[in-house]
Amino acid sequence: MQQPLTLGIAGLGTVGAGLLHLLEHHKHRLEERVGRSLRVAGVSARVKTKERGVKLGGIPWFDDPVKLASDPGIAVFVELIGGSDGVAKVAVEAALRAGKHVVTANKALLAEHGVALARLAEEHGVALNFEAAVAGGIPVIKTLRESLSANEVHRVYGILNGTCNYILTTMADEHRSFDEVLKEAQKRGYAEADPTFDIGGFDTAHKLAILTSLAFGIKLAFDQIHVEGIQSITEADIEAAEDMGYRIKLLGVAMQAESGIEARVNPAMVPKHSAIAEVSGVTNAVAIDADYCGSLLLIGPGAGAQATASAVASDILDIARGGVIPPFLTHTRNLKPYKKVKLGAHQGAYYVRLSVYDRPGAMAAIAKRMGDREISIESIVQRRPRSALPGIGARLKPGAPAPVVMITHETTEEAIRQAIDAIEQDGKVSERPQVIRIEKLYEDERQ
Ligand SMILES: NC(=O)c1ccc[n+]([C@@H]2O[C@H](COP(=O)([O-])OP(=O)(O)OC[C@H]3O[C@@H](n4cnc5c(N)ncnc54)[C@H](OP(=O)(O)O)[C@@H]3O)[C@@H](O)[C@H]2O)c1
């Protein structure tokens, strides 16, 4: 047997405790698989006395994770603290500089500083592994970095935030409002007390930044991603989507366009019977369209102690076997600069919901504004929310705004935005129209 692989684990919260449990539970299985023992040679967290449901007896305790990171007794530093800056960053940098391999689940840190950290890892000839940083238990990093490394990837997209997917799925299944479902998600522990990071799309954008770099061999550029959250999605949108054969999902999408990369996080309509539409609750999904492999979809738990620990442990096993591959698939000097495509050039179909004043000529004026930009309409429906049904009392009062939903044929983002601005300026609608992109899926294209 080779020398034991010594681990320093910083952060003993959900993931850290989950990892310690896994390493204990599967100790013999793991040692057999990699031909050496894995020994936890140091741990660090804030509160030493906290009950964590795992055995810590005999493991050296470090109050300071940075000290643990460079301790001569460890070969691998496992960062499970979180946060893009602060102690997690300082500790990871210290570990890499000290020639330690690093395993982290920290998407925020990678999205913001991934290239610099990868460079440090290369300079010191050590691994920087982060399977758990995107979509928890789903092995998407290895899929892009290893399994698909011989392909040219055209697009990567997915449901990367369980909180948002839980909210949207519950709104659709139980016909409930966004606010009500968000409150319930907070009670169940699926959403933070301050949910902005999740529902605003920023968590998805962190993960998308990492996937975009791996998929297209470019430098990470979190700040270049167009981000829209799910706060504006109403019951009326969910119901209209259902009736028109769609589901609304918060997607992170990165695709190779002619002039660069289009990377965006936005609520999107996907056909109701597509596989990704059926991904419900806190489950995550990542789809990859690649030239030789075709299209694949990975579905699974995007968070949680066990699933995330499984991903972290797989990174540790790779190191135990002796593998060091470039963190972002290729050497950092080969990563291309991020070239952002203007979102106005995006081509696709759109869902538009308008609240139209019941006045003569209103619809004709709206149709003209669409026609002026050569936008053709696939379907148009005047509808009222199910909550207003049933019965005669639900009839719209004369002159009250009537909800109108339309699906356009393929057009450009620029054209639809201009048409919507013009419609609003004409004063024919009582509020800013809702516009949602309809995501074209590989499975549609094959039909
Ligand atoms: N939770 C998931 O399902 C999941 C999924 C994928 C990725 N991740 C990522 O995994 C990482 C950890 O997440 P988590 O959910 O396990 O977080 P968590 O439960 O909040 O745990 C964080 C841990 O870090 C420790 N810590 C905080 N500040 C520290 C400091 N200054 N010095 C030493 N230790 C410190 C805390 O110590 P105390 O316990 O003493 O307070 C705690 O043990 C994050 O980057 C997260 O994004 C999490």
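See the structure above.
Residues numbered from 1 in each chain as written. Predicted model: local features only at pLDDT ≥ 70, side-chain atom pairs only at ≥ 80, totals over all residues. Heavy atoms only, no water.

Undergrad: Talk me through the site of the ligand; I want residue IDs and the actual numbers.
TA: Taken together, 23 residues lie near the ligand, and Leu12, Val15, Val47, Arg52 and Gly304 sit nearest. Thr14 is positioned such that a nitrogen or oxygen atom in its backbone is 3.0 Å from an oxygen atom of the ligand. In isolation the ligand exposes 900 Å². Once the protein is present, 78% of that is buried. When its residues are assigned to classes, the shell around the ligand shows 11 nonpolar, 8 polar and 4 charged. (Near = heavy atom within 4 Å. Polar contact = N/O pair within 3.5 Å; in protein donor to acceptor, adjacent residues only side chain to side chain. Areas by Shrake-Rupley, 256 points an atom, 1.4 Å probe, with all protein chains shown as cover. Nonpolar A, V, L, I, M, F, W, Y, C, P; charged D, E, K, R; others polar.)

Undergrad: Which residues make up the environment of Glu228, and what are the values?
TA: Within the secondary structure layout, Glu228 lies in the loop between β8 (226–227) and α11 (235–243). Expressed as a C-alpha distance, the spacing of Glu228 and Arg264, which sit 36 residues apart in the sequence, is 8.0 Å. Engagement of the side chain of Glu228 in a polar contact is seen with the side chain of Arg437, the distance being 3.0 Å. (Helix = DSSP H or I, 4+ residues; strand = E, 2+ residues; numbered from the N terminus.)

Undergrad: Any chance you could break down the pairing of strand β17 (residues 434–438) for me, citing the residues and the numbers?
TA: Residues in a regular strand project their side chains so that they alternate between the two faces of the sheet. The element β17 is largely enclosed, with a buried count of 5 among its 5 residues. Alternating positions in β17 separate into two faces, Gln434, Ile436 and Ile438 on one and Val435 and Arg437 on the other, with burial throughout. Direction of pairing for strand β10 (residues 260–271) relative to β17: parallel, over a ladder of 2 bridges. Each residue of the ladder has a partner; that of Ala268, found in β17, is Arg437. Bridging between strand β13 (residues 347–356) and β17 involves 5 bridges; their strand directions are antiparallel. Bridging from a neighbouring strand, Arg353 pairs with Gln434 of β17. (Buried < 20%, exposed > 50% of the residue type's maximum accessible area, 1.4 Å probe, protein only. Pairing = 2+ DSSP bridges.)

Undergrad: Quick one: what's the story with the sheet that holds strand β6 (residues 128–129), residue by residue and with numbers?
TA: Spatially, β3-β2-β1-β4-β5-β6 is the arrangement adopted by the 6 strands of the open sheet, whose pairing is parallel. Two strands close off the open sheet at either side, each with one partner strand: β3 (61–62) and β6. Most of the contacts of helix α1 (residues 14–25) go to strand β1 (residues 5–10), to which it runs at about 155 degrees, and overall it touches β1, β2 (38–44) and β4 (76–79). In the packing of helix α4 (residues 87–97) onto the sheet, contacts are made with β4 and β5 (101–104), and the angle to β4 comes to roughly 165 degrees. (Contact = heavy atoms within 4.5 Å. Axes fitted to C-alpha atoms, helices over the stretch in contact; angles between N-to-C directions.)

Undergrad: Outline the packing of α4 against helix α5 (residues 107–123), listing residues and values.
TA: Look at α4 against α5: their axes get within 10 Å of each other, and the N-to-C directions meet at 15 degrees. Taken together, α4 and α5 sit at an angle that is classed as roughly parallel. Relative to α5, α4 is oriented so that their crossing is right-handed. Together, Lys89, Val92, Glu93, Leu96 and Arg97 of α4 and Leu109, His113, Leu117, Leu120 and Ala121 of α5 make up the contact between the two elements. Taken together, the residues that form the contact of α4 with α5 break down as 6 nonpolar, 1 polar and 3 charged. (Parallel < 35°, antiparallel > 145°, perpendicular 65-115°, else oblique. Left-handed = near helix turned anticlockwise from the far one by under 90°.)

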